[in-house]
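Each chain is listed here by its residues.
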Amino acid sequence: MREISEQFIAALAANASALNNARKISQKGGFVKLFCSGDDTFYMGECAGSGKSNYISSADFIQEESPVFRCSCPSRQFPCKHSLALLFEINSGKEFGLCEIPEDIIKKRQKKEARAAKVADGSQESKPKVNKTARTKKIKKQLEGLQMTEEMISRLLWTGLGTMGSSSVKTYKDLAKQLGDYYLAGPQLYVNRLVIEIEAFQKDGNNCHYKEAANILVQLRALVKKADAYLKDKLDKDNTEDDDNILYEELGGVWKLGQLQALGLKKDNACLLQLSFQVIYDEARREFIDTGWWADVETGEVSVKRNYRPIKAMKYIKQDDTVFEAVSVPVLSYYPGEINRRIRWEGASYSPVSKEQLANLASHAQTSLLAAVKLVKNQIKNTLPDNFVVMLFAFKQIGMVGKSYVMCDKEDSSVLLEDIPGMEETTVRIQALPDTSLLENQVLLGAFFYNEEKRRICVQPYSIITNKQVVRLLY
C-alpha cells in the first residue's frame, strides 16, 4: 500500500476548508467501502454523503505525481472533499480490499498514453501553433500604446513631479484603461501604481509619494524604451515566434507551460526545498501573491514561485502554502530571466528533508560578501527585474553592532541586516531564535538590496539553514 503524506494532500486541496472537511470525513468513518488494485495504482471508496446514494470516489495513480481524481458527488471543487478524504484513508493506513481496475479507467489511460505517444514521436506538435498575422498586428498595436505611454511620461517629466498633487487622477486612470486595449498589461500596472501614489499624496501630502512616483516613472520609461526596441526588432526581422526575452512577460504576456518547455526552459527530475514563504497583497494588481523561495538541491539555484490570486477570483484559485518537505518535480519549468528565475510545475511528490540535501545546499552558498555585493550591484542596475537578489550565503557570524544586526563572512567583511521597505519585517525575529549557535557558521537565505536611506547594500534575512533543519524568519 502506498504512502501518502499530509503535505501531499494539503498541496492538492483547493483551500483549507476542503482539507478540514476531508479530514473530518475520514476521522468519522465516512467511507463504508474501500478498495485498491493489486498493482497499487488505483484506489476507490464508497462514501456516505448528503444524497440518497453513496458517492463513489477514486484516485488513479498511474502517474505518481499527478493522480487523477473522480467522484460522483455534485461538487465543482477539484479535487472534492471526498477525493481528499480518500487520500486521508490511505494516509491513516486503513484496510483496503482488492479490486480490478474498472474498464472505463483502463480506456481513459489508453487514450492518454496514445496522446503522449503522438507528442513523443512528433506526429502531434507539442509547440503551440502561431498565427503570424495576428501576432504582427498585436505587436504593431503594442508599439502604438508604447508611443502613447512615452508621451505621457515626457509631459509629466517636463511639467515636473511638483504638479502631481494637482494632476487629475482621472487622466491617469483613463490612460491605464487604454493600455489594456493595446495589450500592455505591464505598463498598465506601472500607471496604476502611479495613480496610487497620486491619490495618496492628495490625501496626506507626504513627500515620500514624490520619491515613489519618480521610481515608478524611471522603471516605466526603461520598460517603454527597451520594449519599443525589442518589438521593432521583431518586426524588422519578421519574427513573431516566442523567445526567452524577459520583456514578453514585462509587457503583460502570460506564459503557458507548453511555451516554456518548447523554448527549453525546463529541467527534468528536479528536487526542491522551500526555504521561505509569504503572502503579499498588491494594491495595483488587486491581487494576493503567494510567494515561495525555493532552492534546487542539486545546484543550489534560488528561484521564486508565485501564485497570483485576483480579488475577483479568490474562490476559484487555490492558495499556495508553506511546504516543509522536499519536493520532487518530474518536469520543472523556468520563466525567462537570469537570477531568481520564476518556476512552475504540475505534479510533484513529497518526502522528508534529509541531512544530505541540507549539506548539499550549504555547499553551493556564496562565501564572499565582496563577490555577493558585486553580483547584486550588477543585477539591480537593470530597472526591470526585482530590485533585490535572494541568495544563499555562508556566514561566519551574525551579531549586534550598536542597535543593528551585522553579518560577517570568513574574511570579516560585513553587511547590515535590514528589512526591505514595505516588506514583512524579519530582522527583529533574530532575537527570538532559540539557540545562539544558529548565528555562527551557518547558511543564510537573504535578500540583498540597496538601502537608499543608508546608501549601501543591506540584507533582509529570510531563513537560516543548518545541517539539521531550516529555521524560517519569513514563513
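Computed from a predicted model, the values in this text were never measured in an experiment.

Draft legend 1. Layout of the overall build of the protein. What the protein contains, in helices and strands, is 12 helices and 17 strands. By principal-axis analysis of the C-alpha atoms, the protein measures approximately 75 × 60 × 45 Å. The buried share of the protein, taken over its 475 residues, is 45%. Sequence-distant contacts in the protein: of pairs separated by 6 or more residues, those separated by 24 or more amount to 63%. Accessible surface, the protein: about 25,200 Å² in total, of which carbon and sulfur atoms supply 49%. With 65 positive and 61 negative side-chain charges, the protein shows a spacing of 5 Å between the two charge centroids.

Draft legend 2. View of the pattern of salt bridges. Counted by the stated rule, this structure contains 24 salt bridges. For the salt bridge of Glu-89 with Lys-94, the shortest nitrogen-to-oxygen distance reads 2.9 Å. Because the salt bridges share partners, they merge into one network encompassing Arg-193, Asp-282, Arg-285 and Glu-287.

Draft legend 3. Region of the structure containing the pairing of strand E12 (residues 388-401). Across 9 bridges, the pairing between E12 and strand E15 (residues 440-451) is antiparallel. Residue Met-391 lies in a different strand from E15, and its bridge partner there is Gly-446. Bridge analysis of E12 against strand E13 (residues 404-408) gives 5 bridges, and the strand direction is antiparallel. Across the sheet, Gln-397 pairs through a bridge with Cys-408, a residue of E13. Hairpin connection of E12 to E13: 2 residues between the antiparallel strands, including Gly-402 at a positive phi of 70°.

Draft legend 4. Quick look at the environment of Ile-4. Positionally, Ile-4 belongs in the segment before helix H1 (6-12). For Ile-4, the contacting residues outside a window of four places in its chain are Ile-9, Phe-61, Leu-87, Ile-90 and Asn-91.

Draft legend 5. Spatial organisation of helix H6 (residues 169-181). If you check H6, its first and last C-alpha atoms are 19 Å apart, about what 13 residues at 1.5 Å a residue would give, namely 18 Å. Taken residue by residue, H6 has Val-169, Tyr-172, Leu-175, Ala-176 and Leu-179 as its buried positions. Down the axis of H6, the buried set is contained in an arc of 125°. They therefore lie on one face. Seen from the buried face of H6, the exposed residues on the opposite side, beyond 90 degrees, are Lys-170, Lys-177 and Asp-181.

Draft legend 6. Highlighting the nonpolar core. Residues Val-327, Leu-332 and Trp-345 are the most contacted members of the largest nonpolar core, which totals 39 residues. Taken together, the elements giving at least two residues each to this core come down to H1, helix H2 (16-27), strand E1 (31-37), strand E2 (42-47), helix H3 (81-91), strand E6 (266-282) and strand E9 (326-334). Once you skip the residues sitting within four places of it in the chain, Val-327 turns out to touch Ala-270, Cys-271, Leu-272, Trp-294, Trp-345, Ala-348, Ser-349 and Tyr-350. Residues Leu-146, Met-148, Ile-198 and Leu-217 belong to the second largest nonpolar core, which totals 30 residues.

Draft legend 7. Inspection of a positive patch on the surface at higher detail. A surface patch of like charges, here positive, comprises Lys-107, Lys-108, Lys-111, Lys-112 and Arg-115. By secondary structure assignment, the location of Arg-115 is in helix H4 (residues 103-120).

Draft legend 8. Focus on the sheet that holds strand E3 (residues 55-60). Read across the open sheet, the 5 strands follow the order E4-E3-E2-E1-E5; overall the sheet is mixed. Pairing within the sheet leaves two strands with one partner each, and these edge strands are strand E4 (68-71) and strand E5 (97-99). For this sheet, the mean inter-axis angle between neighbouring strands, taken without regard to orientation, is 25°. Across 5 bridges, E1 lies against E2 in antiparallel orientation. Bridge pairing links Leu-34 to Gly-45 in E2.

Draft legend 9. Layout of the packing of aromatic side chains. Enumeration over the complete set of coordinates arrives at 9 aromatic pairs. Between Tyr-43 and Phe-96, the ring centres sit 5.2 Å apart and the planes meet at 80°, which makes this aromatic pair edge-to-face. In this pair, Tyr-43 is assigned in strand E2 and Phe-96 in the loop between H3 and E5, connecting sequence segments 53 residues apart. Each member of the pair, Tyr-43 as well as Phe-96, carries the same accessibility label: buried. With a centroid separation of 6.3 Å and 45° between ring planes, the pair formed by Trp-293 and Tyr-462 is classed as tilted. Linking Trp-293 in strand E7 (residues 287-296) with Tyr-462 in strand E16 (residues 456-465), this pair joins segments that are 169 residues apart in sequence. Residue class for Trp-293 comes out buried when judged on its relative accessible area of 3%. The exposure class of Tyr-462 is buried, given its relative accessible area of 0%. What links up through ring pairs into an aromatic cluster is the set Tyr-43, Phe-61 and Phe-96. Geometry around Phe-61 places Arg-2 over its ring, the cationic atom sitting 4.3 Å from the centre. The ring centre of Tyr-334 lies 3.9 Å from the NZ or CZ of Arg-341, which sits over that ring.

Draft legend 10. Main features of the environment of Glu-418. Positionally, Glu-418 belongs in the loop between strand E14 (414-417) and E15. Each C-alpha atom of the pair Glu-418 and Val-428 lies 9.0 Å from the other, and the pair is 10 residues apart in sequence. Apart from residues lying up to four places away in sequence, Glu-418 is in contact with Ser-404, Thr-427, Phe-449, Asn-451, Lys-454, Cys-458, Val-459, Gln-460 and Pro-461.

Draft legend 11. Structural detail: the packing of H6 against helix H7 (residues 185-204). Contact geometry of H6 with H7 gives a least axis separation of 9 Å together with a crossing angle of 165°. Judged by the inter-axis angle, H6 sits roughly antiparallel to H7. Two packed elements cross with a definite hand, and for H6 against H7 that hand is left-handed. Residue-level contacts link Val-169, Tyr-172, Lys-173, Leu-175, Ala-176, Lys-177, Leu-179 and Gly-180 of H6 to Pro-187, Gln-188, Val-191, Asn-192, Leu-194, Val-195, Ile-198, Glu-199 and Gln-202 of H7. Grouping the amino acids of the contact of H6 with H7 by side-chain chemistry returns 10 nonpolar, 4 polar and 3 charged.

Calculation rules
- Residues numbered from 1 in each chain as written.
- Predicted model: local features only at pLDDT ≥ 70, side-chain atom pairs only at ≥ 80, totals over all residues.
- Heavy atoms only, no water.
- Helix = DSSP H or I, 4+ residues; strand = E, 2+ residues; numbered from the N terminus.
- Buried < 20%, exposed > 50% of the residue type's maximum accessible area, 1.4 Å probe, protein only.
- Contact = heavy atoms within 4.5 Å.
- Areas by Shrake-Rupley, 256 points an atom, 1.4 Å probe, with all protein chains shown as cover.
- Lys, Arg positive; Asp, Glu negative; His and termini not counted.
- Charge placed at Lys NZ, Arg CZ, Asp CG, Glu CD.
- Salt bridge = Lys/Arg side-chain N within 4 Å of Asp/Glu carboxyl O.
- Pairing = 2+ DSSP bridges.
- Expected span 1.5 Å × (residues − 1).
- Arc of directions from axis to C-beta.
- Core = buried A, V, L, I, M, F, W, Y, C linked by side-chain atoms within 4.5 Å.
- Patch = residues over 30% accessible without salt bridge, like charges linked within 9 Å, V, L, I, M, F, W, Y side chains within 5 Å.
- Axes fitted to C-alpha atoms, helices over the stretch in contact; angles between N-to-C directions.
- Phe/Tyr/Trp six-rings, centres within 6.5 Å; stacked < 30°, edge-to-face > 60°.
- Lys NZ or Arg CZ within 6 Å of the ring centre and 35° of its normal.
- Parallel < 35°, antiparallel > 145°, perpendicular 65-115°, else oblique.
- Left-handed = near helix turned anticlockwise from the far one by under 90°.
- Nonpolar A, V, L, I, M, F, W, Y, C, P; charged D, E, K, R; others polar.

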